[in-house]
Amino acid sequence: AQKITQTQPGMFVQEKEAVTLDCTYDTSDPSYGLFWYKQPSSGEMIFLIYQGSYDQQNATEGRYSLNFQKARKSANLVISASQLGDSAMYFCAMRGRSYQLTFGKGTKLSVIP
Amino acid sequence: NAGVTQTPKFRVLKTGQSMTLLCAQDMNHEYMYWYRQDPGMGLRLIHYSVGEGTTAKGEVPDGYNVSRLKKQNFLLGLESAAPSQTSVYFCASSYEIRTSGTYTDTQYFGPGTRLTVL
C-alpha cells in the first residue's frame, strides 16, 4: 500500500520569499513517481512537477523545485520568490505499479503581501 | 485543444436519484480516471480505465459504475445517489511513459463537478 503524508495543514509566506512544503511517502514498490499539484480556490487541479524514483537529480520547473531525499522518503516542494497567485492548496501524490495516484491531504499556502 | 472537460459543473440530486457524469479528453490519452475529493482530503480514486472497453475498480468504487465505450469519453454513473456521495468529482487522463523503469505518466485533470445529494 502507498501512503503520502503532508504534515502542514497551512503555511504562510511573505511575498518574494521562498517556501518549502513537506511531503513524506511510503511504498513497497521499487520504482515510483512523485507529483505535486496545485489547487487554487477556483478548484481545478494543476500539475506542477514530477520526480522519478530513479532520477539522480532533483526536478525543477521554473520557480518550483522538488527536494527529493530517497533515503528519508521525502519529496518536498520548494517555491522560490513567492507570488500572490501562489496562494492555493498544494497536494503531493505518488504513482507506483498500480495506476492509481495516491494523494496526501494537502497544504494550504497563503502568500502575504 | 480543450484538454479534459467535464459535464455538468454542478448538480443537486435527491437521495435515490440517478445520474451520469461525462468526461471527455482530446489528447488521445489511453488512460482515464475518476476521483472524488471530500473536504480536508486529497483525491481518492473511484474507477479507472486503461483503454477503450476496459474499466477497473479504484480505492472507493462502491455505489458507482463506469463505462468507456469510446477512447475519448469516460462516464461515471450513480444508480441510486446517497448523501455520502456528496463530493467534488474529478476526471483525469494520461498516457503511460516508462523511463528508466519509472512510471512517468502525468495525469491531467478536468475542472471538476460539484455534486450535492440531499
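Up top you'll find the structure we're talking about.
A few points on the structure.

Definitions and cut-offs
Here the residue numbering is sequential within each chain, running from 1 through the sequence in written order. All chains are assigned letters beginning at A, and all ligands numbers beginning at 1, according to the order in which they are written. Per-residue local features are limited, in this predicted model, to residues with pLDDT of at least 70; the limit for side-chain atom pairs, both in listing and counting, is 80 or more; totals at the level of whole chains, interfaces and linings are taken over all residues. Heavy atoms throughout the structure, all of them, feed into the side-chain values; hydrogens and water do not. Only DSSP runs of H or I reaching four residues or more are called helices, and only runs of E reaching two or more are called strands; each is numbered from the N terminus. Only the C-alpha atoms count toward the radius of gyration. The rule for a globule is 2.2 Å times the residue count to the power 0.38. For the exposure calls, accessible area comes from a 1.4 Å probe over protein chains only, and a residue counts as buried if that area is under 20% of its type's maximum, exposed if over 50%, partly exposed in between. When checking whether two residues touch, look at their non-hydrogen atoms; a contact exists if any pair is within 4.5 Å. Values of accessible area rely on a 1.4 Å probe in the Shrake-Rupley scheme; residue burial ignores everything except the protein chains shown. Charge counting treats Lys and Arg as positive and Asp and Glu as negative, with His and both chain ends excluded. To locate a charge, the coordinates of NZ of Lys, CZ of Arg, CG of Asp or CD of Glu are taken. Each nonpolar core is a collection of buried residues, namely Ala, Val, Leu, Ile, Met, Phe, Trp, Tyr and Cys, held together in the definition by side-chain atoms within 4.5 Å. Any two cysteine sulfur atoms within 2.5 Å of one another count as a disulfide. Salt bridge, as used here, is a side-chain nitrogen of Lys or Arg placed within 4 Å of a carboxyl oxygen of Asp or Glu.

1. Some remarks on the overall build of chain A
On a plain count of helices and strands, chain A comes out with zero helices and 12 strands. In chain A, the order of α-helices and β-strands from amino to carboxyl end is β-β-β-β-β-β-β-β-β-β-β-β. The C-alpha atoms of chain A give 13 Å as radius of gyration, which agrees with the globular expectation for 113 residues (13 Å, within 12%). With respect to the principal axes defined by its C-alpha atoms, chain A has extents near 45 × 25 × 20 Å. In chain A, buried positions account for 51% of the 113 residues. Residue pairs in contact within chain A that sit at least 24 positions apart in sequence constitute 54% of those at least 6 positions apart. Entry remark: accessible area of chain A is about 5,400 Å², with carbon and sulfur atoms responsible for 50%. Within chain A, the 9 negative side-chain charges are centred at a point lying 6 Å from the centre of the 11 positive side-chain charges.

2. Comments concerning unusual backbone geometry
The residue after threonine 7 of chain B, namely proline 8 of chain B, is reached through a cis peptide bond having omega -5°. Tracing the sequence through the fold places proline 8 of chain B in the loop between strand E1 (4-7) and strand E2 (10-13). One non-glycine residue, lysine 16 of chain A, lies in the positive phi region at around 80°. Looking at the element boundaries, lysine 16 of chain A is found in the loop between strand E2 (10-14) and strand E3 (19-21). For lysine 16 of chain A, a relative accessible area of 67% puts it in the exposed group. For lysine 73 of chain A, which is not glycine, the phi dihedral falls at a positive 55°. Structurally, the position occupied by lysine 73 of chain A is in the loop between strand E8 (64-69) and strand E9 (74-79).

3. Thoughts on the nonpolar core
Taken as a class, soluble globular proteins show a tendency for nonpolar side chains to be buried jointly. Counting 25 residues, the largest nonpolar core has Leu21, Leu34, Trp36, Ile49, Leu77, Tyr90 and Leu109 of chain A as its most contacted members. Elements that contribute at least two residues to this core include exactly E2, E3, strand E5 (33-39), strand E6 (46-52), E8, E9, strand E10 (88-95) and strand E12 (107-112) of chain A. It is E10 of chain A that contributes the most residues to this core, four residues altogether. Apart from the residues within four sequence positions on either side, leucine 77 of chain A is in contact with Val19, Thr20, Leu21, Trp36, Leu48, Ile49, Tyr64, Ser65 and Tyr90 of chain A. The next biggest cluster of nonpolar side chains, apart from the first, holds 19 residues, and it includes Met19, Cys23, Val60 and Leu76 of chain B.

4. Observations regarding the state of the cysteines
Under the defined criterion, the tally for this structure stands at two disulfides over all chains. Paired by a disulfide, cysteine 23 of chain A and cysteine 92 of chain A hold their sulfur atoms 2.0 Å apart. Around the S-S axis, the bridge from cysteine 23 of chain A to cysteine 92 of chain A shows a dihedral of about -65° and counts as left-handed. Of this pair, cysteine 23 of chain A sits in the loop between E3 and strand E4 (24-26) while cysteine 92 of chain A is found in strand E10, placing the two residues 69 residues apart along the sequence. Residue cysteine 92 of chain A is classed as buried on the basis of its relative accessible area, which comes to 0%. The disulfide partner of cysteine 23 of chain B is cysteine 91 of chain B, and the S-S distance across this bridge is 1.8 Å.

5. Examining the pattern of salt bridges
All names here are of chain B. Inspection of every chain in the model, using the stated rule, returns five salt bridges over all chains. In this structure, the salt-bridge partner of aspartate 38 is arginine 36, at a minimum N-O distance of 2.9 Å. Residues aspartate 38 and arginine 36 agree in their burial class; the two are buried. Close ionic contact of aspartate 38 with arginine 44 constitutes a salt bridge, the shortest N to O distance being 2.7 Å. Aspartate 38 gets classed as buried once you look at its relative accessible area, which sits at 12%. Assessed through its relative accessible area of 23%, arginine 44 is described here as partly exposed. Taken together, the salt bridges that share partners define one network made up of Arg36, Asp38 and Arg44.

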